Amino acid sequence: MPNSALHSIHVHPVKALRGQAPHEAVVEPWGLAGDRRWALIDDTGKVVTQRERPTLALAAAEPLPGGGVRVSAEALEPLTVAVPDPVGTTTAKWAGEKIETVPAGPEASEWFSAFLGERVTLVHLDDPATRRPIDDPPYGRPGETVSLADAYPLLLTSVASLDALNSLIAQGDHADEGPLPMNRFRPNLVVAGTDSWAEDGWKRISLGEVTFRVAKMCGRCVVTTTDQSTAERGKEPLRTLARHRRFGGRLAFGQNLVPETTGLVRVGDPVTILE
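Every value quoted in this text rests on a predicted model; they were computed, and no experiment measured them.

1. So, helix H2 (residues 159-170)
Phase 1 of the analysis: Along its 12 residues, H2 runs 16 Å from first to last C-alpha, staying within 8% of the 16 Å computed at 1.5 Å per residue.
Phase 2 of the analysis: Against strand E12 (154-158), helix H3 (238-244) and strand E17 (250-259) lie the buried residues of H2.

2. Notes on the nonpolar core
Phase 1 of the analysis: Val71 and Leu122 are the most contacted members of the largest nonpolar core, which has 22 residues in total.
Phase 2 of the analysis: Within the residue set of this core, elements represented by two or more residues are strand E4 (38-41), strand E6 (59-63), strand E7 (69-73), strand E8 (76-81) and helix H1 (106-116).
Phase 3 of the analysis: In terms of residue count, H1 provides more of this core than any other element does, five residues in total.
Phase 4 of the analysis: Not counting residues within four places of it along the chain, the set of residues in contact with Val71 comprises Val14, Leu17, Ala60, Ala61, Pro78, Leu79, Trp111 and Phe112.
Phase 5 of the analysis: Core analysis: the next-biggest nonpolar cluster, separate from the first, contains 19 residues, Leu154, Val191, Leu257 and Val265 among them.

3. A word on the packing of aromatic side chains
Phase 1 of the analysis: A complete count under the given rule lists four aromatic pairs for this structure.
Phase 2 of the analysis: An angle of 15° between the planes, with centres 6.2 Å apart, marks the rings of Trp111 and Phe115 as stacked. Of the two residues, Trp111 and Phe115 both sit in helix H1, four residues apart, roughly one turn of that helix. With respect to burial, Trp111 and Phe115 carry one shared label: buried.

4. A word on the sheet that holds E7
Phase 1 of the analysis: Taken in spatial order, the three strands line up as E6-E7-E8 in an open sheet, and their pairing is antiparallel. Across the chains shown, the open sheet's two edge strands, defined by having one partner strand only, are E6 and E8. Each adjacent strand pair in this sheet contributes to an overall mean axis angle of 15°, direction not counted.
Phase 2 of the analysis: When E6 meets E7, the two strands line up antiparallel, connected through five bridges.

5. Things to note about the layout of surface pockets
Phase 1 of the analysis: By volume, the largest pocket is sized at about 770 Å³.
Phase 2 of the analysis: Together, 35 residues line the largest pocket, and Arg51, Asp150, Ala151, Cys218 and Gly219 are the ones closest to its centre.
Phase 3 of the analysis: When contributions to the lining of the largest pocket are tallied by element, the ones reaching two or more residues are E12, strand E15 (210-219) and E17.
Phase 4 of the analysis: Tallying contributions element by element places E15 first for the lining of the largest pocket, with four residues.
Phase 5 of the analysis: Taken together, the residues of the lining of the largest pocket sort by class into 17 nonpolar, six polar and 12 charged.
Phase 6 of the analysis: The space that makes up the second largest pocket amounts to roughly 250 Å³.
Phase 7 of the analysis: Lining the second largest pocket are 17 residues, and of these His10, His12, Met182, Asn183 and Pro187 sit closest to its centre.
Phase 8 of the analysis: Ranked by the residues each element gives to the lining of the second largest pocket, the list is headed by H2, at three residues.
Phase 9 of the analysis: Split into classes, the residues belonging to the lining of the second largest pocket amount to six nonpolar, eight polar and three charged.

Rules and cut-offs
Counting restarts for each chain: residues are numbered from 1 in the order of the written sequence. A pLDDT threshold of at least 70 governs which residues receive local features in this predicted model, and a stricter bar of 80 or more applies before side-chain atom pairs are shown or counted, although totals over entire chains, interfaces and linings include all residues. As a rule here, side-chain values cover all heavy atoms of the structure and leave hydrogens and water aside. Helix and strand definitions follow DSSP, with helices as H or I runs of at least four residues and strands as E runs of at least two, each counted in order from the N terminus. One less than the number of residues in a helix, times 1.5 Å, gives the span that helix is expected to have. Whether two residues touch is decided by their heavy atoms; if any such pair falls within 4.5 Å, the residues are in contact. Only buried residues count toward a nonpolar core, which is a set of Ala, Val, Leu, Ile, Met, Phe, Trp, Tyr and Cys residues joined through side-chain atoms within 4.5 Å. Remark: exposure states derive from per-residue accessible area (1.4 Å probe, protein chains only) relative to the maximum for the residue type, with buried under 20%, exposed over 50%, and partly exposed in between. Here the aromatic set is Phe, Tyr and Trp, taking the six-membered ring for Trp, and pairing holds for ring centres within 6.5 Å; pairs whose planes are under 30 degrees apart are stacked, those over 60 apart are edge-to-face, and all others are tilted. Following DSSP output, two strands are said to pair if at least two bridges run between them. Angles shown run from 0 to 180 degrees and are taken between the N-to-C directions of axes, each axis being a line fitted to C-alpha atoms and, for helices, limited to the stretch in contact. Cavities and pockets are defined on a 1 Å grid built over the protein atoms alone: a cavity is a set of grid points where a 1.4 Å probe fits but cannot escape, while a pocket is an open set with protein on both sides within 12 Å along at least five of seven lines, and lining residues are those with an atom within 4 Å of any such point. Grid points are joined across faces, edges and corners, and a volume is the space filled by probe spheres set on the points. Residues are grouped as follows: Ala, Val, Leu, Ile, Met, Phe, Trp, Tyr, Cys and Pro are nonpolar; Asp, Glu, Lys and Arg are charged; all remaining types, including Gly, are polar.

Structure below.
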């Protein structure tokens, strides 16, 4: 695939919020620099995402130098949040895990509580090198860690596979919901110039100077049915994935990656299939 290349990069500083699409990003062992280092938790400590609160799609987060974020949403004044001092931690609960995080200042919690209409707290993952091992044997290996992403450091999707999926949606019962944009899948890296579903067979790849292990297919959830510009939900793509992309109990789109090296990736970097 001599013409395959990195098509776009996506960083989501706050889990479940809209992110940014920079031209380049630094790959760290636990994911893209600044990606999903912040999250919201409710009064029980449970991480709040678009699964339960699709309106989170209507708020945006912009990474700032030093690790802070600027959050914005309609009808609220934008807020700049600095990285909190790690003087104490609070436990965030996610998919059976307990992750020690550092709460942001009260103004951040007030901002998000006003946005959602319920009490939530913004928390920061202060030390991704130690806080959260990849807990998914046999796909995660000893010493590998992850940010506050669902399970793995990065998610890769391809333009060709989205085109193929949209073609299948157009033939189905909910054709009026398509074509779907890539933001439904909230990837980190999008590649172009490949065959559709080619990524299913990849084991190791490089993007520019950085190499990655392809850990496993990404099982998709209800978030993919959420229009990221309106927060409204439909049936697709889960209806079509259930018919055409079911692997065991998972409806798959995209591949989870673990960095083997670190470095800079840029839009336009060539994609090389190593295995």
